[in-house]
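Structural characterization, general
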Amino acid sequence: MPLLRMPSGVVPSLQQLQPRKMVLVQVVEPEDLTVLDQCLVVYFPAPHSFTGESQMEIHCHGSPIIVQRLFHLMSQQGVRVARPGEFSRRAFANGKLDLTQAEALMALIHAKSLKAAREAARQMQGSLSLSMQKLRQAILDLLIQVEAGLDFSDEEIDVLDSQRQCSLLSNISDQLRLLQASAVTGRQWQNGLDLVIAGRPNVGKSSLFNQLIGREKAIVSAVPGTTRDINEHGVEWSGMPFTLADTAGLRDSSEWVEMEGIRRAKERITQADGVLLLYDVRDGLAPAERQMAEEIGPDRLLLVANKMDLLTDPPSPFSLPLGESFTVLPLSCRTGEGIQQLQQQIVKLFARHDGAEEGSILLLARQREVIDRCAYTIEQARQLLQQQRSGELIALHLREALQVVGELVGETRYETFLDQLFSQFCIGK
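Residues numbered from 1 in each chain as written. Predicted model: local features only at pLDDT ≥ 70, side-chain atom pairs only at ≥ 80, totals over all residues. Heavy atoms only, no water.

1. Focus on the overall build of the chain
Scanning the chain for helices and strands turns up 13 helices and 10 strands. Counting over 429 residues, the chain shows a buried share of 45%. A fraction of 67% describes how many contacts in the chain between residues 6 or more apart in sequence connect residues 24 or more apart. Put simply, the chain shows about 22400 Å² of open surface, and 51% of that area lies on carbon and sulfur atoms. (Helix = DSSP H or I, 4+ residues; strand = E, 2+ residues; numbered from the N terminus. Buried < 20%, exposed > 50% of the residue type's maximum accessible area, 1.4 Å probe, protein only. Contact = heavy atoms within 4.5 Å. Areas by Shrake-Rupley, 256 points an atom, 1.4 Å probe, with all protein chains shown as cover.)

Take a look at the structure:
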């Protein structure tokens, strides 16, 4: 029985549908030809489709009732709902995507920032795949040289000497280190950075929190110890996602609830990607704050000098006994002066992109794990070569490195792993 028909009443055949062109049709009840909806269909004949198989898309108006009825009618004709990730897995199985491109699609679906989404889109076009091909070729070229030296050691064949082979291995190690460094950027882009606002009571932590998120979420009071628990809010600056945490004021207290809030604040500080240590510019840093700043270090700490508006003759807030490596930024939470500069400084200081090359940034934990294994194997080969150990052992490590790179792009297939991977996609994707 027909499910789709042209407005003229003719039931369309695949031969009548021009590939990749929208066609207006009606969805009808098979029993009495009652019109349910007016839709657009588009036909993608194999192999020119996402999966490499023949596909048809039906674009209806999206009413849940109509969609549910359409699913029911199609199921009666042998059509089933796609499993999670099934289209992407079929595309992978048919060679339309390699594993890095499939994972880029998953990363795009789960992207939590504009930077992560843009990077995933680049990798869907094959940029990470290309980097892996270059890495694989470099390892393969070296392996050929090592094995040629083993097989034809008595013949006059031009084989690279051990010094040159060491140089090539070092170049491969450099490529892997850049990829490992990019994993830090990838984690930041995909998961965001945890940023904690810390300091003594009444220095303006909750006011700064409200200024940075753009609304009054934290309670602001002149009463010390108002903030007992951790307030959190997500923001995005320059395409980077941050989770801001407003914590309890750090001081000695005998009150149990406040003590627990201080304990949680200290625990959060140790785990954070970055800490904003806020202080009253009129009082300066207390000895305990100086010690905490030294323990955290300049890479994970930004000093924020608040209440600049209360100074009649403002001194330089940068003249602090912490060394020039620490960044200090003056502002006023009451007037908002300096807040925009603080946001820019946060991105500059904490959102590091050391060695990260767009298009080759590792966004997923599995990719980071594979590259770590490859780097370890290459380092083992390099050490063996420096020690002038057996060429067979060096070749063994190089072959293992090739296999590991193959895992990254999906040349080495493990069905259980693939089942787990594609199950993380949304339904049908």
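2. Concerning the sheet that holds strand S6 (residues 231–237)
Pairing is mixed in the open sheet, where 6 strands are placed in the order S6-S7-S5-S8-S9-S10. Strands at the two margins of the open sheet, each flanked by one partner only, are S6 and strand S10 (327–330). Across the sheet, the mean angle from the axis of one strand to that of its neighbour is 25 degrees, orientation sign disregarded. Where S6 meets strand S7 (residues 240–246), 7 bridges bridge the pair, whose relative direction is antiparallel. Bridged to Trp237 within S7 is Met240. (Pairing = 2+ DSSP bridges. Axes fitted to C-alpha atoms, helices over the stretch in contact; angles between N-to-C directions.)

3. Notes on the environment of Glu289
The topology assignment puts Glu289 in helix H9 (residues 287–296). Its relative accessible area of 5% is what places Glu289 among the buried residues. Sequence-wise, Glu289 and Ala198 are 91 residues apart; in three dimensions their C-alpha atoms are separated by 9.8 Å. Every residue in contact with Glu289, bar those within four places of it in the chain, is listed here: Gly199, Arg200, Leu277, Leu278 and Gly284.

4. A look at the sheet that holds strand S1 (residues 4–5)
Strand order in the open sheet formed by 4 strands is S1-S2-S3-S4, and the pairing between neighbours is antiparallel. Single-partner strands in this sheet number two, and they are S1 and strand S4 (55–59). Docked against the sheet, helix H1 (residues 64–76) engages strand S2 (23–28), strand S3 (35–44) and S4, running at close to 65 degrees with respect to S3.

5. Thoughts on helix H7 (residues 205–213)
In terms of residue burial, H7 counts as a mostly covered element, since 7 of its 9 residues are buried. Residues of H7 that are buried in the fold lie against strand S5 (193–198), S6, S7, strand S8 (274–280) and helix H10 (339–350). Where H7 terminates, the next one or two residues include Gly214, which has phi positive at roughly 80 degrees.

6. Some details on unusual backbone geometry
Going from Ala46 to Pro47, the amide bond is cis rather than trans, its omega being 5 degrees. Mapping Pro47 onto the fold places it in the loop between S3 and S4. In this structure, Leu33 takes a positive phi of about 60 degrees despite not being glycine. Residue class for Leu33 comes out partly exposed when judged on its relative accessible area of 37%. Phi angles above zero are rare outside glycine, and Lys307 is one such case at about 70 degrees. The topology assignment puts Lys307 in the loop between strand S9 (301–306) and S10. When its relative accessible area of 18% is taken as the criterion, Lys307 is described as buried.

7. Considering the packing of aromatic side chains
Tallying each qualifying case throughout the model produces 1 aromatic pair. Where Trp237 meets Phe242, the ring centres are 5.3 Å apart and the plane angle is 40 degrees; that geometry is what we call tilted. For Phe242, a relative accessible area of 2% corresponds to the buried category. (Phe/Tyr/Trp six-rings, centres within 6.5 Å; stacked < 30°, edge-to-face > 60°.)

8. So, the confidence of the model for the chain
Caution applies to low-pLDDT parts of the model: their predicted coordinates are not meant to be read in detail. On average, residues of the chain carry a pLDDT of 82, and 82% of them reach 70 or more. pLDDT under 50 marks residues 221–228. Its contacts with residues more than four places away, or in other chains, come to 21 contacts. (pLDDT = per-residue confidence, 0-100.)

9. Description of the pattern of salt bridges
The full count for this structure, using the stated rule, is 20 salt bridges. Where Glu103 meets Arg366, a salt bridge forms, and the shortest distance between an N and an O atom there is 2.6 Å. Taken together, the residues span a long stretch of sequence, with Glu103 in helix H3 (residues 99–109) and Arg366 in helix H11 (residues 365–386) at a distance of 263 residues. Judged on exposure class, the residue Glu103 and its partner Arg366 are both buried. Of the charged contacts, one joins Arg122 and Glu358 as a salt bridge, the two residues approaching to 3.7 Å between their closest N and O atoms. Separated by 236 residues along the polypeptide, Arg122 in helix H4 (residues 114–124) and Glu358 in the loop between H10 and H11 bring together distant segments of the chain. A relative accessible area of 26% places Arg122 in the partly exposed class. For Glu358, a relative accessible area of 51% corresponds to the exposed category. Through salt bridges that share partners, Glu53, Arg80, Arg83, Glu86 and Arg90 make up one connected network. (Salt bridge = Lys/Arg side-chain N within 4 Å of Asp/Glu carboxyl O.)

10. Some words on H3
Side chains three or four residues apart in an α-helix point the same way, a direct result of the helix having 3.6 residues per turn. For H3, a buried count of 9 out of 11 residues is recorded, marking the element as mostly surrounded by other parts of the structure. Considered for burial, the residues of H3 that qualify are Leu99, Thr100, Gln101, Ala102, Glu103, Ala104, Leu105, Met106 and Ala107.

11. A look at the side chain of Thr51
Structurally, Thr51 can be placed in the loop between S3 and S4. Here Glu53 takes part through its backbone nitrogen, which lies 3.1 Å from a polar atom of the side chain of Thr51. (Polar contact = N/O pair within 3.5 Å; in protein donor to acceptor, adjacent residues only side chain to side chain.)

12. Some words on the nonpolar core
Counting residues in each nonpolar core, the largest one holds 35 residues, and the members touching the most others are Leu208, Leu212, Phe242, Leu276, Leu342 and Ile346. Looking at this core, the element that brings in the most residues is H10, giving 6 residues. Once you skip the residues sitting within four places of it in the chain, Leu208 turns out to touch Ile197, Leu276, Leu278, Leu331, Cys333, Ile339 and Leu342. Val146, Ala381, Leu385 and Ala395 belong to the second largest nonpolar core, which has 31 residues in total. (Core = buried A, V, L, I, M, F, W, Y, C linked by side-chain atoms within 4.5 Å.)

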